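The lines below spell out each chain.
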Amino acid sequence: MTNEIKREDIKSLSREELESRFTAWKLPAYRIAQLLDWLYVRRAADWNVMSNLPKALRETLREQFTLQTLELVHKQGSEDTTQKFLWKLADGALIESVLIPANPALYGEASDRHTLCISTQVGCAYGCKFCASGLDGWKRNLDAHEIVEQILAVERQATSAKRLAAQADESASALVPASDSRIEPNPGITAAPPVARPPARLVDNLVVMGMGEPLANYDHLMKALKILNAPWGGGIGARKITISTSGLAPQIRRLASEPLQFRLAISLHGATDAVRNRLMPVNKKYPLADLTAACEDYQRVKGRMITLEYILIAGINDSLAQTRPLAALAKRLFAKVNLIPYNRVEDLPWQRPSEEVCEGFLAALEKQNVVATLRREKGHDIDAACGQLRLKTERALAGA
């Protein structure tokens, strides 16, 4: 009985790794550029569409690598155009990504900017009490290509939707008589066929805040982000990529040693050990003193502002008294605070505070000279809490 060798996915390889393979195959370097264009610009989902690659090379690539794509299981869109995607991986596991449009309030006008929130694990082992991601435990880490593919899959979906809309417009136009033209066509000139342009990048900001603890999947995450940052890959600037962690102090220090200037966000949700211990089991291993020291070490190396993510949960961490230790921590770390009203999760007891309470919390921080923002209605009308759509779907399938 022979054991089948597991093939790597092509989107898990760096350009240097591809160059090594192509050199061994005695192929010219320009073939690598063509391949990368198909993968990351044209978002090819099939070897056969790579028409400018020789057939023999396509067959070699097919034999050596997989070209996995994510299967869309379900898509939810909200009234403010936030969209949640539920994807099926090759092994049948489910993960989520959330596409968030730019907030006009942040930029002063409507914007085409889009932020994608991506997952790094199937499930989560850290068991934050308010989160749906870990309710059914941790299953596995995502491979690098499964992280990369979330961006490409969302952009394929957007391109497909635009194509359908354009076809509908063309069908409607065909019913309208063409207007009279005084310019006679020249029968001796044949119009050149239109050149197919690859769609522009839809996602220009990444937040690694979806399912799972990103820094618990450190190596795969770093490889994926370097591919998404590279000019030959996703082309997304490092400063437009934010990595969130629930507070893994050693990995925060490791992240500080990375040459790329990724942004760091701490999923804080409590500015005292008493509150964090109640909400986040990770705080018992890395209490606030350890977490704060790691963040200070990070800042000494990077000199970058940190974001403190703070989910407001009614009766738990939303009292004005909580603003004092939060403000003190934010000032110590030269951090800004992002307030997020809780998204209700089925089967969990936590509640979303009233709008008045959220606004009052924000005002109290600002009065203490803290840079703070309040997220306003980005996906509250969909299953926007991390892991919620996946959990509902898995339970529905199990019940069926």
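**Remarks on the sheet that holds strand β7 (residues 205-208)**
Across the sheet, 10 strands lie side by side as β1-β2-β3-β4-β7-β8-β9-β10-β11-β12; this open sheet has mixed pairing. The strands lining the two open edges of the sheet, one partner per strand, are β1 (71-77) and β12 (372-374). Taking each pair of neighbouring strands and ignoring which way they run, the sheet shows an average axis angle of 20°. In the sheet, strand β8 (residues 241-245) pairs with strand β9 (residues 263-267) via four bridges, with the strands oriented parallel. Considered in β9, the bridge of T245 is made with I266. Lying on the sheet, helix α6 (residues 218-229) is in contact with β7 and β8; it crosses β8 at an angle near 165°.

**Some points on the nonpolar core**
Counting 106 residues, the largest nonpolar core has L35, F130, L206, L225, L308 and V337 as the members making the most contacts within it. Apart from residues no more than four positions distant in its own chain, L225 is found in contact with L206, V208, I241, I243 and F262. By size, the runner-up hydrophobic cluster in this structure holds five residues, among which are V98, C117, M209 and A265.

**Looking at the pattern of salt bridges**
As enumerated under the stated definition, the model contains 18 salt bridges in all. A salt bridge links R254 to D219; the shortest N-O distance between them is 2.7 Å. In this pair, R254 is assigned in helix α7 (residues 249-256) and D219 in helix α6, connecting sequence segments 35 residues apart. Look at R254 and you get partly exposed, because its relative accessible area is 39%. One network of salt bridges, in which partners are shared, links D9, K11, E149 and R156.

**Thoughts on the packing of aromatic side chains**
In this description, an aromatic ring pair is defined by two values, namely the gap between the centres and the angle between the planes. This model, assessed by the stated rule, comprises five aromatic pairs. Relative to W87, the ring of F85 has its centre 5.4 Å away and its plane inclined at 0°; by these criteria the two rings are stacked. Each of the two residues, F85 as well as W87, counts as buried. The structure contains a cluster of three or more aromatic residues connected by ring pairs, namely F22, W25 and F65. Over the face of the ring belonging to W38 we find R42, whose NZ or CZ atom lies 5.4 Å from the ring centre.

**Description of unusual backbone geometry**
Trans peptide bonds make up most of the peptide bonds, and negative phi angles are found at most residues other than glycine. Of note in this structure, R43 is not a glycine but carries a positive phi near 55°. Structurally, R43 is set in the loop between α2 (30-41) and α3 (55-64). R43 gets classed as buried once you look at its relative accessible area, which sits at 5%. Despite not being glycine, N369 shows a phi value in the positive range, around 65°. Inspection of the secondary structure assignment puts N369 in the loop between α12 (355-367) and β12. Judged by its relative accessible area of 67%, N369 falls in the exposed class.

**Regarding the environment of T292**
If you trace the backbone, T292 turns up in helix α10 (residues 288-302). On the accessibility criterion, T292 (5% relative accessible area) is buried. Sequence spacing of T292 and L329 is 37 residues, and the spatial spacing of their C-alpha atoms is 8.2 Å. The contacts of T292, once residues within four sequence positions are left out, are L329, R332 and L333. One polar contact links the side chain of T292 to the main-chain carbonyl oxygen of L288, over a distance of 2.7 Å.

**Details of the packing of helix α1 (residues 15-24) against α2**
At a minimum axis distance of 10 Å, the contact between α1 and α2 shows a crossing angle of 130°. The angle between α1 and α2 falls in the class oblique. Both α1 and α2 take part in a crossing whose hand is right-handed. Taken together, the residues of α2 that come into contact with α1 (itself represented by R15, L18, E19 and F22) are R31, I32, A33, L35 and L36. For the contact of α1 with α2, the class distribution of residues is six nonpolar, no polar and three charged.

**What to know about the packing of α6 against α7**
Where α6 contacts α7, the axes come no closer than 12 Å and their chain directions differ by 30°. Considering the angle they form, α6 stands roughly parallel to α7. Regarding α6 and α7, the two cross each other, and that crossing is right-handed. The segment α6 lies against α7, with Y218, D219 and M222 engaging Q251, R254 and L255. Across the contact of α6 with α7, the residue classes tally to three nonpolar, one polar and two charged.

What counts, and at which threshold
The numbers attached to residues start from 1 for each chain and follow its sequence in the written order. Only residues with pLDDT of at least 70 are given local features in this predicted model, and only at 80 or more are side-chain atom pairs given and counted; all residues enter the totals for whole chains, interfaces and linings. Side-chain numbers come from the whole structure's heavy atoms, not from hydrogens or water. Strands are labelled as partners when DSSP assigns at least two bridges between them. Here a helix means four or more residues in a row that DSSP labels H or I, a strand means two or more in a row labelled E, and each is numbered from the N terminus. Throughout, an axis means a line fitted to C-alpha atoms (over the contacting stretch in the case of helices), and angles, computed between N-to-C directions, take values from 0 to 180 degrees. Here, two residues are considered to be in contact whenever any of their heavy atoms come within 4.5 Å of each other. The criterion is simple. A nonpolar core is a set of buried Ala, Val, Leu, Ile, Met, Phe, Trp, Tyr and Cys residues joined through side-chain atoms within 4.5 Å. Only protein chains enter the calculation, and the probe is 1.4 Å; a residue is then buried if its accessible area is under 20% of its type maximum, exposed if over 50%, and partly exposed in between. When a carboxyl oxygen of Asp or Glu is within 4 Å of a side-chain nitrogen of Lys or Arg, the pair counts as a salt bridge. When the centres of two rings from Phe, Tyr and Trp lie within 6.5 Å, Trp using its six-membered ring, the rings pair. Their planes under 30 degrees apart give stacked, over 60 give edge-to-face, and anything left gives tilted. When the NZ atom of lysine or the CZ atom of arginine is within 6 Å of a ring's centre and also within 35 degrees of its normal, the charge is said to sit over that ring. Here a polar contact is taken to be a pair of N or O atoms separated by no more than 3.5 Å, where protein atoms must pair a possible hydrogen donor with a possible acceptor and residues adjacent in sequence count only if both atoms sit in side chains. Relative orientations are named as follows: roughly parallel for angles under 35 degrees, roughly antiparallel for angles over 145 degrees, roughly perpendicular for angles from 65 to 115 degrees, and oblique for any other angle. Each crossing gets its hand from how the near helix is turned against the far one by less than a right angle, where anticlockwise is left-handed and clockwise is right-handed. We call Asp, Glu, Lys and Arg charged. Ala, Val, Leu, Ile, Met, Phe, Trp, Tyr, Cys and Pro are nonpolar, and the rest, Gly among them, are polar.

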